[in-house]
Structures are given as structure tokens and as C-alpha cells.
Amino acid sequence: MYIVQIASECAPVIKAGGLGDVVYGLSRNLDERGHCVELILPKYSNMRYDHIWGLHDAYVDLQVPWYGGVISCTVHCGWVHGRLCFFIEPHSSDMFFDRGMYYGCGDDPMRFAFFSKAALEFLLRSNKRPDVIHCHDWQTGLIPVMLFEMYKYHGMEYQRVLYTIHNFKHQGHAGAEILHATGLNREPYYFDDSRLKDNFNPFAINFMKGGIVYSNHVTTVSPHHAWEAHHGTCGFGLGHTLHVNQHKFSGILNGIDYAMWNPAKDDHIEYPYTLSTFEDKALNKKALRERLLLRAGDKPLVAFIGRLDGQKGVHLVHHAIYHTLNRGAQFVLLGSATEQGINDWFRHEKQHLNDNPDVHLEIGFSEELAHAIYAGADLMVVPSNFEPCGLTQIISMKYGTVPVVRGVGGLLNTVFDWDYDTTHSPEMRTGFVFYETDNYAVESALNRAFDLYYDEPKLFQQLAQQGMQYDYSWQKSGDQYVTLYDKIRHKC
Ligand code: ADP
């Protein structure tokens, strides 16, 4: 099959979170199965150019219709750790991808509507006719809309779209100007409940709703989150749209790329280890402590890695830091915030805790430090308010770091409570799960973890090793995606 992934991220060249990991990992898995996979990405000025090999021009002067005129683009081509990627660079005074950041600009809907339009125009003009176009998140929600309303009539009538939603919270809202910019026009047609009109704001179109309505199939990134989005509040207002489209909506659990995340051969960690050399994990703990100037001693090291964002339960992360210190254990945090208030809050905490030899708060993004933390920590706390899939707990398990998670979304599909799980036998359990969103909930789960660590060290190690034995590679999830691609490409 010929599959083109269109996304706003691909690790490690463009990574703000799990989306980048998934786009890269899935593409690699599909490649290994013998499918032809190409990726189309924006050419951000701040992406990691050191992860691109052989960057060269693939299409010069691609004329992308925009409002009544055109914006000329150069499409560059290069390999990102073996994946063939096309990077779209518009030449216009809007400087769409030259902002020093991937997201967070006031005109994000316009930036990614342009990217979507340019990606389709590139496929059309370069005579690329993939069997399946796989789009991701709100940034590419307009692709199926434009494909089936416009490009289908220009020679792309056989292409099919799979749309994967990694986060329902960010949906992409804009006014009618987007319709005029992209050439969709026909305001009354698109401002209709059955098409793009937002379910709550009658003056806005909703990119993600468009993606759901127009795609041939829609997935989200875990089976439990598919249920939550459809039946609970996790659809952030799109529950009804999912209900109407339930015949083509499902959840596929994310995998992780074990070539990137594997303690046995990880260039970023000092002492590689496997299940049978698990004792070497302690050397990584020692190295991490030395690197972060934490004191030595027989105490558990708890970590948090992630975006500092309301979604991630930052108030519980904050409480977990102080509870961990109260229990005489250690805490390492690696996170970055896009919200000024949260950023200031954690910078303030960092200032306050600066001289404490049992805690280190690293405010920022560092792929390399993340690997060292996964390898060096004993516990990983993931107290999310909602979590479509969550990769940090899956990566942690691979590194023998026991997850302590809130029982939502994909966390429920991947972490099985040591004391209370009813569906897995004790030797299949992998961590600690709590459900409420108050401080006591995270405290009690951490207490159970600390007690096991101190009172039953052998059992604690067994629990860590049980997590290492799970296979969350892309193999199984890749099978499910291929089955779906196959299903939609045979549909008229
Ligand atoms: P998200 O909601 O951000 O997509 P996931 O758990 O699905 O959360 O994926 C998070 C990914 O981003 C993981 O690979 C994690 O290691 C990485 N990550 C998150 N924050 C940071 C950071 N500050 N520095 C390095 N890596 C990070």
C-alpha cells in the first residue's frame, strides 16, 4: 500500500509531545512491513535540522491557491532516521512556520489550514496518488474536507482518509475567513450542523469536526478513550458528532518505537540494561543523581515527564512533589508549560526548592534528559485529568520504572494495579492506579508504592520487571492500522 502521513509533528525532528512519537513510530512500522510510506510536514524554522539527512529541494515554486491569489512554496525532501519526509516552506510575509515555536500563535488555524491546503496541492501537482492519506489531530482536520469537496474533482477521486485524533481538547476553531482562504467558500453550506459548524459556537467552524465528518474512518489513540470521548466528557463537545459517526469511529492503542525507547541500546543512557541485567538500572539512578546533584541514599526516586498543562493534572504533580519529599523520597520533574501562569508557578517552586538535595525541577524540553530519567527513576507519576493514550507510562514500563497513574483513557488500558486489579493475575500487574482528582488519591497511590519499595524490595523489583515484559511495540497496533487502511481503500 502507498500511505502518506500528514501531520504537524514527527519525532525527533519536530516533537512537542506524543503526536511526534506516534507519527514516526507508526511510519517506521509500516515501512518495515513493506508499505510505501511518506510524510508531509511543515518546514518550521526551529525544528531539529540535525535529525534530517540529505535535505534537498523536491518541488520548487509550488503555487498554492490562497484567498484570490497564490502563495509560492518550496517543498524540501529529506530522511528522518530512515523516513522519507517532505517539508513545506511557504514564501509569504505571513511567515507561517517561522515563529520559533510549533504552536501557540494567534493565527494557528490559518497556519495549519494553509499547511493542509499546501499538502494536498503538493500531492496533486507532483502526481502522488496514495491509497490512504493518514491525517492527525486538528491541524489536518480540513484535509478530508478539501479532498472530498475539491481535490476529488481535480484528479484525486480514489484517495481515502484515515483521521486520528490524539487530543480532543484542541479542535481548531476559526471564522468564515478560513473558508475563503482555502477556496472552500460557500459559507452557508459549511456552516451547517452536519458539516463544519461548531456544535456550540454558531459563528465558528471546527476543524476537528470536519475531520470526523469527512474522513473514511476516525480513530483515537486508545480503546478506553474512544469510549470516554463518545459517551463521557472527553470529547470536549464532539460527543454528538462521534455518536452520529460511530459506525466509523474506533480506538487503537498507541505503541512505542523500541528502536528509540529501549534500555538495552539507548545512546542517551550511561549503563544499558535488560530484564536479565536489571541490577544495572541502579547505576543509571546513581548517574542521574550525580548529574542533577541529588544526594545518594536508599530512597525511591519519583519522576514526572510531560507538558505542564491542566490536562496533565499539574495540581497533583505539585502535590506529589511535596508528598514525596515528606515521605523522605526524591523527585525529578522535566516539563515545559505553554501557559504563562503554570510556567511561573513551577519556576517559583524551582526557586524555592533549589537547594533541596532531594528534588530537581527542570523546566524545559530535553529529549536526552528524558531518556536518562526514564532509566534512572524508580517511579513515574502520571496524574492526568484526561489522557487519550499517554506514552510516558508505556516508556517507563519498558525501562522498568513503575508507573503511578490516574485511571483514565489509555492509562487504564496499559497500567494494571498491583493491589486491586481484578482482571489481571498478580504476575501481569504493572503499577499503581488511583481514580479521584484530589490530593489524597495521589498520596495513597504513592504511599502504596513507597511501602512496597521499602518493605518488600524484591516484590517492588518484580513489579518493575513485569512492566518490562509487556510488548507495547508498534507490532500489534500496526496490524490494526493496516487492517483499517485496507478496509477504507476498498470503499468507494
Ligand atoms: P502528550 O499529551 O504530550 O502527547 P504523551 O504521554 O502522549 O503526552 O507523550 C509525551 C511524549 O513527550 C513522551 O515521549 C515524553 O517523553 C515526551 N515529553 C514530554 N515533555 C517532555 C519534556 N519536557 N522533555 C522531553 N520530553 C518530553
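The structure displayed is predicted, hence computed values, not measured ones.

Calculation notes
- Residues numbered from 1 in each chain as written.
- Predicted model: local features only at pLDDT ≥ 70, side-chain atom pairs only at ≥ 80, totals over all residues.
- Heavy atoms only, no water.
- Pairing = 2+ DSSP bridges.
- Helix = DSSP H or I, 4+ residues; strand = E, 2+ residues; numbered from the N terminus.
- Axes fitted to C-alpha atoms, helices over the stretch in contact; angles between N-to-C directions.
- Contact = heavy atoms within 4.5 Å.
- Core = buried A, V, L, I, M, F, W, Y, C linked by side-chain atoms within 4.5 Å.
- Buried < 20%, exposed > 50% of the residue type's maximum accessible area, 1.4 Å probe, protein only.
- Salt bridge = Lys/Arg side-chain N within 4 Å of Asp/Glu carboxyl O.
- Near = heavy atom within 4 Å.
- Polar contact = N/O pair within 3.5 Å; in protein donor to acceptor, adjacent residues only side chain to side chain.
- Areas by Shrake-Rupley, 256 points an atom, 1.4 Å probe, with all protein chains shown as cover.
- Nonpolar A, V, L, I, M, F, W, Y, C, P; charged D, E, K, R; others polar.
- 1 Å grid on protein atoms, 1.4 Å probe; cavity = no way out; pocket = protein on both sides within 12 Å on 5 of 7 lines; lining within 4 Å.
- Points joined across faces, edges and corners; volume = space filled by probe spheres on them.
- Phe/Tyr/Trp six-rings, centres within 6.5 Å; stacked < 30°, edge-to-face > 60°.
- Lys NZ or Arg CZ within 6 Å of the ring centre and 35° of its normal.

**A few points about the sheet that holds strand β14 (residues 359-363)**
Across the sheet, 6 strands lie side by side as β14-β13-β12-β15-β16-β17; this open sheet has parallel pairing. The strands lining the two open edges of the sheet, one partner per strand, are β14 and β17 (432-434). Direction aside, neighbouring strands of the sheet carry axes that sit 15 degrees apart on average. Pairing of strand β15 (residues 379-382) with strand β16 (residues 402-406) involves 4 bridges; the strand directions are parallel. Bridged to Val 381 within β16 is Val 404.

**Re the side chain of Glu 367**
The topology assignment puts Glu 367 in helix α12 (residues 367-376). With near-sequence residues (within four places) excluded, Glu 367 lies in contact with Lys 15 and Trp 261.

**A closer look at the nonpolar core**
Within the largest apolar cluster, 171 residues are counted, with the highest numbers of intra-cluster contacts made by Ile 40, Ile 133 and Leu 333. Excluding residues that lie within four positions of it along the chain, Leu 333 makes contacts with Phe 304, Leu 308, Val 317, Ile 321, Phe 346, His 360, Leu 361, Glu 362 and Ile 363.

**Examining the pattern of salt bridges**
Evaluated as defined, the whole model comprises 23 salt bridges. Residue Asp 31 is joined to Arg 83 by a salt bridge in which the shortest nitrogen-to-oxygen separation is 3.0 Å. With Asp 31 in helix α1 (residues 18-32) and Arg 83 in strand β5 (residues 83-91), this residue pair connects regions lying 52 residues apart in the sequence. With relative accessibility at 9%, the residue Arg 83 sits in the buried group. By sharing partners, the salt bridges in this structure join Lys 15, Asp 21 and Glu 367 into a single network.

**Some details on the pairing of strand β10 (residues 217-220)**
What you see with β10 is no split at all: His 217 and Thr 219 on one side and Val 218 and Thr 220 on the other are buried throughout. One ladder, built from 4 bridges, connects strand β7 (residues 160-165) with β10; its direction is parallel. From the neighbouring strand, Thr 164 faces β10, where its bridge partner is Thr 219. Bridge analysis of β10 against strand β11 (residues 249-251) gives 3 bridges, and the strand direction is parallel. Bridging from a neighbouring strand, Thr 220 pairs with Gly 251 of β11.

**Digging into the site of the ligand**
What surrounds the ligand is a group of 22 residues, the closest being Gly 18, Asp 21, Arg 307, Tyr 374 and Leu 391. Contacts to the ligand include Leu 391, whose backbone N or O atom sits 2.8 Å from an oxygen atom. The fraction of the free accessible surface of the ligand (560 Å²) that becomes covered by protein chains is 93%. Breaking the shell around the ligand down by element, the ones donating at least two residues are α1, β12 (301-307), β13 (330-336), α12 and α13 (392-398). Within the shell around the ligand, the residues separate by chemical class into 8 nonpolar, 10 polar and 4 charged.

**Notes on the sheet that holds β10**
Spatially, β3-β4-β5-β2-β1-β6-β7-β10-β11 is the arrangement adopted by the 9 strands of the open sheet, whose pairing is mixed. The open sheet has two free edges, formed respectively by β3 (53-66) and β11, since each of these has just one partner strand. In this sheet, adjacent strand axes meet at a mean angle of 25 degrees when their direction is disregarded. Relative to β7, strand β6 (residues 132-136) is paired through 5 bridges, and the arrangement is parallel.

**Re the environment of Leu 120**
Assignment of secondary structure puts Leu 120 in helix α2 (residues 108-125). The class of Leu 120 is buried, set by a relative accessible area of 0%. Separated by 24 residues in the primary sequence, Leu 120 and Pro 144 have C-alpha atoms spaced 9.7 Å apart. Among residues more than four places away in sequence, those in contact with Leu 120 are Ile 133, Ile 143, Met 146, Leu 147, Tyr 151 and Met 156.

**Digging into the layout of surface pockets**
Taken as a whole, the second largest pocket encloses approximately 520 Å³ of empty space. If you go around the second largest pocket, you meet 24 residues; those closest to its centre are Ala 282, Lys 285, Asp 298, Asp 378 and Tyr 453. Within the residue set of the lining of the second largest pocket, elements represented by two or more residues are α9 (281-292), α12, α15 (439-455) and α16 (457-468). If one sorts the elements of the lining of the second largest pocket by residue count, α9 sits on top with 6 residues. A class-by-class count of the residues in the lining of the second largest pocket yields 11 nonpolar, 4 polar and 9 charged.

**So, the packing of aromatic side chains**
Per the stated rule, a full pass over the model turns up 26 aromatic pairs. Ring geometry for Tyr 374 against Tyr 399: centres 6.1 Å apart, planes inclined by 35 degrees, an arrangement best described as tilted. One end of the pair, Tyr 374, is in helix α12; the other, Tyr 399, is in the loop between α13 and β16, and 25 residues separate them in sequence. Side by side, Tyr 374 and Tyr 399 carry an identical accessibility label, which is buried. A cation over a ring is seen here: Lys 398 above Tyr 258, with NZ or CZ 4.2 Å from the ring centre.

**Describing the environment of Asp 479**
Within the secondary structure, Asp 479 is located in helix α17 (residues 474-489). Residue Asp 479 is classed as partly exposed on the basis of its relative accessible area, which comes to 37%. Measuring from C-alpha to C-alpha, the distance between Asp 479 and Tyr 102 comes to 31 Å, with 377 residues separating the pair along the chain. Excluding anything up to four places from it in sequence, Asp 479 contacts Arg 33 and Trp 474.

Treat this as a map of the structure, not an account of what it does.
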